[in-house]
Amino acid sequence: MPYRKAPKPSGDAPEIRASFGDHSDPSGRERRHYGIGSAKGFAIGEVYEFVKETVEHEMADLGPGNIEDEVERFMTALHRSEKELKKIERVTTRKIGRLYSDLFQAQIMLLKDPVLTGNITRRIRTEMKPAHMVIEQEFGKFLEHFLNSDDIFFRERAADLHDIKDRIIRNLHIRKLHSWVPEGSIVVSHHLSPADIILLSRSNIKGFATDTGGKTSHISLICKSLNIPIVVGLGNFSQKVVSGNRIILDGTEGVVITDPKNETIDAYLKKREEESKHEADDSMLAHRNAFTRCGARITAHSNIDFKEEIEHFESTGSEGVGLFRTENLFLDDLKPPKESVQQAYYLEMAGMLTPKPLVIRLFDIGGDKLIYSPVKEPNPNLGWRGVRILIDVPEILDAQLQAVIRANIHGNIDVLIPMISSIEEIEHIRQTLDKHYSHIKTLTPEPPDKPAIGAMIELPAAVELIDEISQIVDFVSIGTNDLTQYTLAVDRNNLIVQDLFEKFHPAIIRQLYRIITTAQKNRCRVSLCGDMGSDPLATPFLIGCGLRDFSMVSSDIPALKATVGKYTVEECETLTAECLKLSSSSAIKSRLEAFVREH
């Protein structure tokens, strides 16, 4: 069952359609394949089936006379792999700046890791096994931990390790890197690595479709930066097409259409014209403050993963960082970053932003993300994660809070606590922050300001406690993705049940109304940082609830600023009241769609 509907065919563009040839299908063979739209936009074009070469190995053990040759072969493969990654790093920096080039620098560092390389060379010598076998086994120790994780964010990072392993093994056989595809193709593959995306994008690729992957995978994030649409999580789609097939790839709706009919192509071409016009109109509003039609001020902040994203704020009209996810600092080295490293990182970000705000979410990590953890949980999403780990592993919390405090010399940093389910958790973090601040204050003639404390509202338990929570914190931030997941017991990345992940479920919108109105009653700042903030259908409902602070992907900010100017607060409040009385998701969406059409 598809979890989203594809756009309805409409419009007429015969002269443009002719350039694609006549692809009408009287037998009705047009098919829609549903996955996860991870980078917005769509493309119409021909498939290039990108199949990675597999290398055949001889499994026999080495003879005594071949051991040093095998070690030398391994070291040569490491050198070749490093040269390739340095080239990819340069291409990445040239195409999208340093935003993701650090990813390849981290891979280069892993290639040079003396423990990893030392273990491999030692085992080649002592066990007399061929290099490829030892590499598979050593990387397998990490990959098993990653792939068995119940956390989608962590499973997706396994792809990066796979890329390094496969690169070394390919270079053992001195195979040439495959990076050429026909210009203007839509690349379809079972799996693509970040390096594949960067290198293939040089051929002006129109879009990507993969059987694997998720919204937070590196390939999805890189495609967003490159403005190339991608649909991931398509199952076995790569087996259903061959090079030369004409398809439509819709990275916004998460659908790929094979053998598209003429009218379907027409509809997408018309959609392209309309989107181009809207984007031009929205970009004109990006640098202005956002107001409703009646003059209510709406603020638009950004959700970011890397400090390099701040460089693009000027073009999007972002008013600061409403959510900085710090997990990438943790995962790049597979261990907690040092306090000094964190302090330098946060300080640079705060300096780039001042006087705009920087909201730093404390490490939102699951028990399975701690490489050194002896714990193997059956369901980490409902176990040892978020604030629970921060409390139980004080060295992680202490280092991060001290780094944040010392970095707050501009006074624009706030701290956000993840996965709150009790008042005691908030009190523990506050007391720890106060303790470190008091100590730092005694050491510094001109101490930094104490960061404000906020709580993520993403568990039903936190919604039940919202009155108490909003009285003891400085602000709350609503994480609609996890709130929906935990309320409806649906993993949105699970293809079996993803159609049940419904952000307009009556239970969800009633929770949002309760959170926003209660926080405002208690004079507590409230923002929303989940995907719902980027949905134009949700915007008038949220304004009607009283929300005035949105945090989202930076590229969505111009559209938000354009959208809010169409409505008055009174109209939105009436809409919200109507939606709260409805008892089904379909009825709520129908009412929201009608409201948007009216305006």
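Computed from a prediction, not measured in an experiment: that's the story for all the values here.

S.K.: Mind showing me how you'd approach the packing of aromatic side chains here?
M.R.: Each aromatic ring pair is summarised here by two numbers: the centre-to-centre distance and the angle between the ring planes. Across all of its chains, the model carries 4 aromatic pairs by this definition. Here Phe42 and Tyr268 contribute two aromatic rings whose centre-to-centre distance is 5.0 Å and whose plane-to-plane angle is 65 degrees, an arrangement assigned as edge-to-face. Linking Phe42 in strand β3 (residues 42–49) with Tyr268 in helix α9 (residues 262–285), this pair joins segments that are 226 residues apart in sequence. Assessed through its relative accessible area of 11%, Phe42 is described here as buried. Three or more aromatic residues link up through ring pairs in this structure, and these residues are Phe324, Tyr345 and Tyr346.

S.K.: I keep staring at the pattern of salt bridges and nothing clicks. Help me out?
M.R.: Once their charged atoms are close, side chains differing in charge can pair, the charge on each being opposite to the other. Inspection of the entire model under this criterion finds 32 salt bridges. Residues Arg246 and Glu46 are paired through a salt bridge, measuring 3.8 Å at the closest nitrogen-oxygen approach. Of this pair, Arg246 sits in strand β7 (residues 246–250) while Glu46 sits in strand β3, placing them 200 residues apart in sequence. Classification of Glu46 by relative accessible area gives partly exposed; the value is 41%. When the shortest N-O distance is used, the salt bridge between Lys165 and Asp166 registers 3.7 Å. Classification of Asp166 by relative accessible area gives partly exposed; the value is 38%. Here the residues in one salt-bridge network are Glu84, Asp163, Arg167 and Arg170, joined through shared partners.

S.K.: Is there a simple way to explain helix α4 (residues 114–127) in this structure?
M.R.: An α-helical turn contains 3.6 residues, so a residue and the one three or four places further along point in the same direction. Helix length check: α4 (14 residues) gives 19 Å between terminal C-alpha atoms against 20 Å at 1.5 Å per residue, within 8%. By the burial criterion, the buried members of α4 are Leu116, Thr117, Ile120, Thr121, Arg123 and Ile124. Along the long axis of α4, the arc covered by the buried residues comes to 160 degrees, so they all point the same way. Facing away from the buried side of α4, by more than 90 degrees, are the exposed residues Pro114, Val115 and Thr126. With a side-chain oxygen positioned 2.8 Å from the backbone nitrogen of Val115, the residue opening α4 is Asp113.

Parameters at a glance
- Residues numbered from 1 in each chain as written.
- Predicted model: local features only at pLDDT ≥ 70, side-chain atom pairs only at ≥ 80, totals over all residues.
- Heavy atoms only, no water.
- Phe/Tyr/Trp six-rings, centres within 6.5 Å; stacked < 30°, edge-to-face > 60°.
- Helix = DSSP H or I, 4+ residues; strand = E, 2+ residues; numbered from the N terminus.
- Buried < 20%, exposed > 50% of the residue type's maximum accessible area, 1.4 Å probe, protein only.
- Salt bridge = Lys/Arg side-chain N within 4 Å of Asp/Glu carboxyl O.
- Expected span 1.5 Å × (residues − 1).
- Arc of directions from axis to C-beta.
- Polar contact = N/O pair within 3.5 Å; in protein donor to acceptor, adjacent residues only side chain to side chain.

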